[in-house]
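Summary of the model geometry
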Amino acid sequence: MHARDAKRASTAPIHWGGWIWSPRLDLGVFGGSALLALLLVAFNHVLDWQTDPFPEWAWLFLVLGVDVAHVYATLFRTYLDVTELKRHPFRYFGLPALLYAGGVVLFYCGNAAFWRGLAYLAVWHFVRQQIGWVRVYRARSGARARMDVWIDELAIYAATLVPVFVWHSELNATRFHWFISGDFVDWQTALRPALPWVWGFWALALGTFCARQVHVFRKTRLLYAGKLLLVASTALLWWLGIVGTNSDFDFTATNVLTHGVPYVCLLWIYARAQVQVGVKSAGAQVATAGLAAFVGLLWALALLEEFAWARGVYHDHAWLFGARAFLLPISFHMLVVPLLALPQITHYVLDGVLWRRSESAGNEAQLRALGFRPESD
């Protein structure tokens with residue numbers, strides 16, 4: 001670039017581009033959920049909210065209200081649409097049956113084996129959701145270079161998997177877990193010598209991502225703030241919740257909010273888009289009733305699931321569900337626990353399929369939900 005061209009580029013106005021929905025909504029959903037997580041962590045350390053056991057109010061808000069509830073948002077893309085069910089009957093009926101059978105087999109191998117398998121599936125699901133978001137942002141920005149694919153996705157993998165690696169290398173000192181104590185494999189001795197190299201990869205991947213964004217900005221005066229926010233918040237919150245602190249409350253707040261809130265928003269926009277394009281599904285009818293009906297259904301289903309867990313398996317949260325238990329024989333847990341976990345397992349698996357480019361082709365509501373079509377004509 002000649003000196004005159006460089007000067008002209010440096011004085012050109014800055015353009016903000018590549019939003020999924022809109023600057024306000026993207027910043028509110030991704031930035032707002034990240035900010036709320038940071039505030040909760042800060043208040044936890046100032047007010048000492050963390051107690052043992054986990055605070056009931058935090059469980060109600062973070063676990064039941066966000067984490068469990070967001071699983072049922074998948075219904076609006078799947079089981080609440082009869083046409084979709086007819087289009088993929090094996091996906092929506094055969095696959096859950098296979099997943100349930102696999103869960104029963106795992107539980108037969110032991111309670112620890114079941115929760116360990118579910119924990120690693122959950123980790124992969126959480127990581128891949130961030131990969132999915134960065135892919136949508138890249139597509140919305142119009143970036144087609146293979147270099148951007150590698151740089152963006154290596155940054156997300158570094159931001160998420162490096163803290164999980166560190167967690168595995170310090171397992172005995174960690175005061176939190178994914179589902180139950182001992183659900184991660186103890187690889188401390190083998191992994192600890194590799195920590196300097198792993199942190200080097202973390203710094204290199206995120207540093208390369210930042211350098212690439214600076215280069216694109218200097219060349220085009222385009223600032224893809226949505227993608228920057230996604231990568232930066234992912235790196236900060238996964239580091240903070242897993243490495244930077246050693247608190248179950250901090251881990252849950254940083255882990256749950258930035259995962260569940262954007263997903264619920266996506267499905268709300270999807271259900272509303274179905275109304276706009278004239279899809280007559282049960283999910284569209286709920287969306288017609290408004291946001292309160294949409295969220296209320298998610299909370300009702302989450303409450304029903306937790307009621308079943310509390311009464312049939314764990315006998316906890318008596319203040320909400322009562323002290324009376326079903327007292328199922330332990331031998332029945334092999335059948336009951338995989339069944340109660342099935343909505344979660346199915347959500348993990350289906351979420352890796354539903355939002356692919358091939359699934360969006362011909363699905364006008366999904367194209368609108370992902371920002372590739374205007375929401376209204």
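Residues numbered from 1 in each chain as written. Predicted model: local features only at pLDDT ≥ 70, side-chain atom pairs only at ≥ 80, totals over all residues. Heavy atoms only, no water.

Another point: the overall build of the protein. Counting secondary structure elements, the protein contains 17 helices and 2 strands. Here the C-alpha atoms of the protein give a radius of gyration of 22 Å, agreeing with the 21 Å that 2.2 N^0.38 yields for 377 residues. A fraction of 74% describes how many contacts in the protein between residues 6 or more apart in sequence connect residues 24 or more apart. Positive and negative side-chain charges in the protein, numbering 30 and 24 respectively, have mean positions lying 13 Å apart. (Helix = DSSP H or I, 4+ residues; strand = E, 2+ residues; numbered from the N terminus. Rg over C-alpha atoms; globule rule 2.2 N^0.38 Å. Contact = heavy atoms within 4.5 Å. Lys, Arg positive; Asp, Glu negative; His and termini not counted. Charge placed at Lys NZ, Arg CZ, Asp CG, Glu CD.)

This brings us to the side chain of Ser 281. Mapped onto the secondary structure, Ser 281 falls in the loop between α11 (248–276) and α12 (282–288). What makes Ser 281 buried here is its relative accessible area of 3%. Within the structure, Ser 281 has its side chain in polar contact with the side chain of Gln 274 (distance 2.9 Å). Polar side-chain contacts of Ser 281 include one of 3.0 Å to the backbone nitrogen of Ala 284. Apart from the residues within four sequence positions on either side, Ser 281 is in contact with Leu 80, Asp 81 and Gln 274. (Buried < 20%, exposed > 50% of the residue type's maximum accessible area, 1.4 Å probe, protein only. Polar contact = N/O pair within 3.5 Å; in protein donor to acceptor, adjacent residues only side chain to side chain.)

Enumeration over the complete set of coordinates arrives at 4 cavities of 30 Å³ or more. Of the volumes computed, that of the largest cavity is approximately 60 Å³. Lining the largest cavity, in full, are Phe 30, Gln 130, Leu 230, Ser 233, Thr 234, Leu 237, Trp 238 and Thr 258. Residue contributions to the lining of the largest cavity peak at 5 residues, all from helix α10 (residues 225–244). (1 Å grid on protein atoms, 1.4 Å probe; cavity = no way out; pocket = protein on both sides within 12 Å on 5 of 7 lines; lining within 4 Å. Points joined across faces, edges and corners; volume = space filled by probe spheres on them.)

For the rest of this paragraph, the subject is a nonpolar patch on the surface. Among the surface-exposed residues, Leu 35, Leu 39, Phe 43, Val 46 and Leu 47 lie close enough to one another that they form a single nonpolar patch of about 490 Å² accessible area. Topologically, Phe 43 is positioned in helix α2 (residues 23–47). (Patch = residues over 30% accessible without salt bridge, like charges linked within 9 Å, V, L, I, M, F, W, Y side chains within 5 Å. Areas by Shrake-Rupley, 256 points an atom, 1.4 Å probe, with all protein chains shown as cover. Salt bridge = Lys/Arg side-chain N within 4 Å of Asp/Glu carboxyl O.)

Turning our attention to the pattern of salt bridges. Taken as a whole and judged by the stated rule, the model has 12 salt bridges. Among the salt bridges present, the one from Arg 77 reaches Glu 359, with a minimum N-O distance of 3.6 Å. With Arg 77 in the loop between α3 (56–72) and α4 (82–87) and Glu 359 in helix α16 (residues 357–360), this pair connects stretches of sequence that are 282 residues apart. Glu 364 serves as the salt-bridge partner of Arg 373, at 3.6 Å between the closest nitrogen and oxygen. When its relative accessible area of 38% is taken as the criterion, Arg 373 is described as partly exposed. Take Glu 364: its relative accessible area is 29%, and that puts it in the partly exposed class. The network of salt bridges with shared partners includes Arg 77, Glu 84, Arg 87, Arg 91 and Glu 359.

A few words on the nonpolar core. Formed by 91 residues in total, the largest nonpolar core has its most connected members in Trp 21 and Trp 178. With near-sequence residues (within four places) excluded, Trp 21 lies in contact with Asp 26, Val 29, Phe 30, Trp 133, Pro 262, Cys 265, Leu 266, Ile 269 and Ala 369. (Core = buried A, V, L, I, M, F, W, Y, C linked by side-chain atoms within 4.5 Å.)

Considering bend angle alone, the principal kink of α3 is centred on Val 63 and spans about 30°. The set of residues buried in α3 consists of Ala 58, Trp 59, Leu 62, Leu 64, Gly 65, Val 66, Val 68, Ala 69, His 70, Val 71 and Tyr 72. In this structure, the buried residues of α3 make contact with α2, α6 (111–141), α11, α13 (291–314), α14 (318–321) and α15 (333–354). (Bend = angle between axes of the 7 residues up to and from the residue.)

This next bit is on the packing of aromatic side chains. Under the definition given, this model contains 29 aromatic pairs. Judged by centre distance (5.7 Å) and plane angle (15°), the rings of Trp 309 and Tyr 314 are stacked. With a relative accessible area of 41%, Tyr 314 lands in the partly exposed category. Through successive ring pairs, a cluster of aromatic residues spans Tyr 120, Phe 126, Trp 167, Phe 176, Trp 178, Phe 184 and Phe 251. Directly above the aromatic system of Phe 372 lies the positively charged group of Arg 140, at a separation of 5.8 Å from the ring centroid. (Phe/Tyr/Trp six-rings, centres within 6.5 Å; stacked < 30°, edge-to-face > 60°. Lys NZ or Arg CZ within 6 Å of the ring centre and 35° of its normal.)

Turning next to the packing of α2 against α11. One way to put it is that α2 packs onto α11 with a least axis distance of 9 Å and a crossing angle of 160°. As the angle between them shows, α2 and α11 are arranged roughly antiparallel. The element α2 and its partner α11 pack so that their crossing is right-handed. Here Leu 25, Val 29, Phe 30, Ser 33, Ala 34, Leu 36, Ala 37, Leu 40, Val 41, Asn 44 and His 45 of α2 come into contact with α11, specifically with Phe 249, Asp 250, Ala 253, Thr 254, Leu 257, Thr 258, Val 261, Pro 262, Cys 265 and Ile 269. Each residue belonging to the contact of α2 with α11 can be placed in one class, and the counts come to 15 nonpolar, 5 polar and 1 charged. (Axes fitted to C-alpha atoms, helices over the stretch in contact; angles between N-to-C directions. Parallel < 35°, antiparallel > 145°, perpendicular 65-115°, else oblique. Left-handed = near helix turned anticlockwise from the far one by under 90°. Nonpolar A, V, L, I, M, F, W, Y, C, P; charged D, E, K, R; others polar.)

For the rest of this paragraph, the subject is the packing of α6 against helix α7 (residues 146–169). Orientation of α6 relative to α7, taken along the N-to-C sense of each, is 155°, at an axis distance of 10 Å. The angle between α6 and α7 places the two elements in the roughly antiparallel class. The two elements α6 and α7 cross, and the hand of that crossing is right-handed. Between α6 and α7, the contacting residues are Tyr 120, Val 123, Trp 124, Val 127, Arg 128, Gln 130, Ile 131, Val 134, Arg 135 and Arg 138 on the first element and Asp 148, Val 149, Asp 152, Glu 153, Ile 156, Tyr 157, Thr 160, Leu 161, Val 164 and His 168 on the second. Of the residues assigned to the contact of α6 with α7, the class counts are 11 nonpolar, 3 polar and 6 charged.

Among the structural elements, Ser 33 can be located in helix α2. The class for Ser 33 is buried, based on a relative accessible area of 4%. Among the polar contacts made by the side chain of Ser 33, one reaches the main-chain carbonyl oxygen of Val 29 at a distance of 2.7 Å.

The analysis is restricted to geometry; functional conclusions fall outside its scope.
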